[in-house]
Amino acid sequence: MSRFRLSSIVAVVIIALGMAAVLTVLSSPFQTWALRKALASQSDLRLTLDKVDADTRRVQAANVRYEREGAVLTLPQIDAELPVLQAAFSEKVRLSRLEAKGWTLDLSKTVEKPAAAVAVAGGQADAPVAPAAGDGAAGPEGATPTATPATEVAKAFAGVFSKLRLPVDLSLDGVFLEGVVILPKSRGRVAVSIRGGGLAVGTEAKFDVVGEAALADSKVNAVKVNAVLSATMDTPRTFTLFSARLDAAASGTQFPSGVKLTAGLTAARATTGETYSASLVSEERQLVAIKADFPRDASRLDGTWKLDVRDLDVAPFALGHPLAAFTAVGEGKFDTDAAFAAVHATGKLNLTAGRLEILRPELAAVGAVKLTAQFDLTRRGATIAVQQLEATVAAAQPVATVTAMQSFEVDTNSLEWRASDPARELAGIVFYGLPLEWTKPFLSDVQISGGDLRGELVATTRGGGMTLRSRVPLEIERLSVARTGQPLVQDVDVTVAATADYTPAGWQGDVSRLAVRSGGAVVLEAEGKAGQLAGKGQPLKATGKIAAKLGPLLRQPALAGTLTLTEGDGTVEFIASFAEKTEVQAKVALKELSALLEGKAQKLPTLTAEVRADVAADGKIAVHMPVLLEHDGRKSDLTLAGSISPLKDKTRAIDAQLTSTLLTLDDAKILAAALPAAPVEKNPKPAPPPWLGFHGAVALQLKKVIYSETFEMTNVGGKITLDEGKLKLETVQVGLGESGRAALNGVLTFDANAAQPYGLEADVNVREFDPTILFHAMAPGQPATIEGKFDVSGKLTRRAESLADLGVPAGDFQITSKGGTFRGLPVNAATLAENTGKIAGWIASASSALGLNGRKEAGDVTNKAQAVAEVAKTLNAIAYDQLSLVVSRDAARNLTVREFALISPEVRLTGAGETQHTPGATLLEQALAMDYHLRARGRTGDLLKYLGALDTQVDDLGYSASTLPLKVQGTLAHLDTTELNAKLASLAVEKSGVGDKASEFFNRLMGGGK
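Computed from a prediction, not measured in an experiment: that's the story for all the values here.

Caption draft 1: Highlighting the overall build of the chain. Tallying secondary structure elements over the chain gives 15 helices and 54 strands in all. Counting every position in the chain, which comprises 1010 residues, the buried fraction comes to 34%. Sequence-distant contacts in the chain: of pairs separated by 6 or more residues, those separated by 24 or more amount to 50%. Summing over all exposed atoms, the chain offers an accessible surface of approximately 56600 Å²; the carbon and sulfur share of this is 58%.

Take a look at the structure:
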């Protein structure tokens, strides 16, 4: 094969391969695959298509779909005729034809925003704002300085047409676009068509835009818009003229004759500079007119603006979107430099607005509002300069005015204020009557009603900042506050006099007086300050004082039922610091307290407390709180000190001490009684115990605890331990009287699944306790029923549905004593001895005269009356060697006495009985029923034998049973032995010869035996 032939074959193969490559690139499947892959790499671009087909002179795409923020644009097909290779490689785009028909823009699923929100979004409210030039703000250390918006505009802005400069040479012969826009909320559809062309150098391009809207609202059911857009180019990349004229017509039942609106927009560039104008006309009345000139040499934009527009003028063309009622009339001037670094605006504006609920439902309460303003403002970067500002807000009547009293500036970044004359007032705000209903849009679930807010504020500059103070106190009459429909405050008058200071060094607020009146009387007064220095980590500090009349204050709905207090004065003085560590100190005083307890008004103790609480950065709380109670000339103190650790594993550690030098329980109980009883719920769930979620210990150290006027406990000490949901009393020691001592160990448990979730088990041990003081307290001037020192041991058990019910524990107690006096069988011995002595002499004389005297018995006893008197004296106060009994207490607080045993040299006493609980009565006042059995020997036995009241049988120790009736009733404090007294009285005269009548008479002389 010749070399020439081989070369030809290679050339043919290369050409074939090249043609194959070109054909592959120009094939629709490859183009579609490549474009889809490129689109897939843009995750935030929701653009899809089914097919793309491009050759050297055209581009065609099928079934293009684009989504953004709920809007969906669907184009069945797009056709563009242009030299593709030339456009790709030469920066020249000669678009002969651009056609898209049958496209749909579906807005039905978009979320519409109020006008204000749209304005904010359009202004990129969420984007960070860089400091303006000259503000001196610095970026992070080492960072490259970022150009400010002003400097960026200064570099780029040279008129509007500089923004219209194209990056390529462009010509456009024809555009044909037809489609449908589906409006939100099923308001209707708009058919849109755009036709035109002729965009090239030296010619005027025109584009006709037609929109026909068919709306669901019968009031305005059709809107048609015809617009003509014109543009002229002096080079393939620059424009000299851009204009738009829009003619719109609306019709419907509300406008049977139709409504027309014309708008115009023009921007022109010449050798002398640029001019701009925009206008809006309705029925030959000009609504908006804006004109501006941007001379080439001046590099400054000057213009005028004028408004005379109402909602009725533009509502027919809002495509069914509801508009608030408004009227805006005003005119003025504006000017700015080329960089827009200094924008100056002057003018007057009268604005009325109504139906504001269309913008936001909560604004319905505002009603119709009118704003009148006259202003002269300049914005230079972050600084706003005010030369003139007068604004008045009114509703049905004047609401408020804002007046600048001199020219001033404010830096919106540093909030630095500068006035022309710092010695003069800066501005004033007068509230003639601000309706409280206007606060509703700013409050979620809180409702406020009452009279209008009145008062006057004045602003001055100080230290580069501003001071705002109330020249006339702010006042609200008949204020009522509710939350989610539940009333909190009702019908009070509020007055506030306050000052607020701000400087670059920090801020401070000072409330010199806050007064709340109800029924014409002051129920709460407060004053206070709060402030914070500038800088990271600086603490917020506050101090103040609050004084309140508790009676009327507690009758307000928010506090109703929290306490049963009917009257009282309360004050709170506090100092607080909030930073990485929070510190709070407060002094609380409650005086002249009274409450309705059991239907009767009762005066309560005075309470003062000093609270100190520190919260560390890790959440640990340290508390020190001494409390002082004063009542009827006596004082009680109680101090709680300790710490609570942060939450860990769903629990908090507690370490605390409860100390006191003197505590009167009656005073503490009276204060506790001021708390209302918990409401009774139907089928309530058991409330968890207050110690749930804590572990640790509380140490007790109470030097003296007064239980009643004559009974006290001393040196109460021990520890309360919290562990695994249990409250344990660990070796709680209590001193009783002069020598008595009690020890208590127990545990409180909680089982949410049990019918009676609360449980108590405790061991009680008492040593050397003398109950004499208790009897003296209940029956002053009377001998104690029992004298001696007792040991008590027992176990308390109880289950209950609530913690409060555990106050009535049940259990068995073993009580013993080794020596003392028992007066449980009281006989009126003095009366008995006196009467029997007198009558015995009379009986002896009579018996002697009648010859009735028999033989003498029992030693030197001369008669039965004398024997009765001596027996009565013995029983009235038995000096025992041993005494023991077992007492059981049930859940109803009834006591059962069993195994009662008393031993003395001549008397042995056994018995049993019970007491029945009476609500409100102490133990010594409970109803008593005891039945004793007496055995005697020695002198007492001989006397009873002489009286015929002793069995003849004798036990191993020489005791014989007595037949005397020993049933005792009454109470422990006042025993009733009527039956025993009657029996002794009858024995005194038995067999004396005077008969039953004399015995009855004798018993009456002795007073019935009580």
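Caption draft 2: Spatial organisation of the nonpolar core. With 76 residues, the main nonpolar core has Phe822, Leu909, Tyr932, Leu964 and Leu984 as its most contacted residues. Look past the residues within four positions of Leu984 in its chain and what remains in contact with it is Val827, Val868, Val871, Ala872 and Leu964. Counting 36 residues, the second largest nonpolar core, distinct from the first, contains Trp438, Leu550, Leu604 and Leu671.

Caption draft 3: Quick peek at the environment of Ser888. Note that Ser888 resides in strand β48 (residues 882-889). For the pair Ser888 and Leu796, spaced 92 residues apart in sequence, the C-alpha separation works out to 9.9 Å. In this structure, Ser888 is in contact with Gly811, Asp812, Asn894, Leu895, Thr896 and Arg898, ignoring residues within four places of it in sequence. At a separation of 2.6 Å, a polar atom in the side chain of Ser888 contacts the side chain of Asp812.

Caption draft 4: Focus on the side chain of Ser282. In this structure, Ser282 sits in strand β14 (residues 273-282). On the basis of relative accessible area, Ser282 is assigned to the buried category, the value being 5%. Ignoring anything within four residues of it in the chain, the contact list for Ser282 reads Lys260, Leu261, Leu287 and Asp313.

Caption draft 5: The arrangement of the confidence of the model for the chain in detail. Chain-level statistics for the chain give a pLDDT mean of 82 and a share of 85% at 70 or above. For the chain, the element scoring lowest by mean pLDDT is helix α4 (residues 115-122), at 40; strand β31 (residues 540-549) scores highest, at 96. Note on residues 114-157: pLDDT is under 50 here. Beyond four places in sequence and across chains, it has 31 contacts. Under a pLDDT of 50 for its full length, residues 1005-1010 has, in the predicted model, 16 contacts with residues more than four places off or in other chains.

Calculation rules
- Residues numbered from 1 in each chain as written.
- Predicted model: local features only at pLDDT ≥ 70, side-chain atom pairs only at ≥ 80, totals over all residues.
- Heavy atoms only, no water.
- Helix = DSSP H or I, 4+ residues; strand = E, 2+ residues; numbered from the N terminus.
- Buried < 20%, exposed > 50% of the residue type's maximum accessible area, 1.4 Å probe, protein only.
- Contact = heavy atoms within 4.5 Å.
- Areas by Shrake-Rupley, 256 points an atom, 1.4 Å probe, with all protein chains shown as cover.
- Core = buried A, V, L, I, M, F, W, Y, C linked by side-chain atoms within 4.5 Å.
- Polar contact = N/O pair within 3.5 Å; in protein donor to acceptor, adjacent residues only side chain to side chain.
- pLDDT = per-residue confidence, 0-100.

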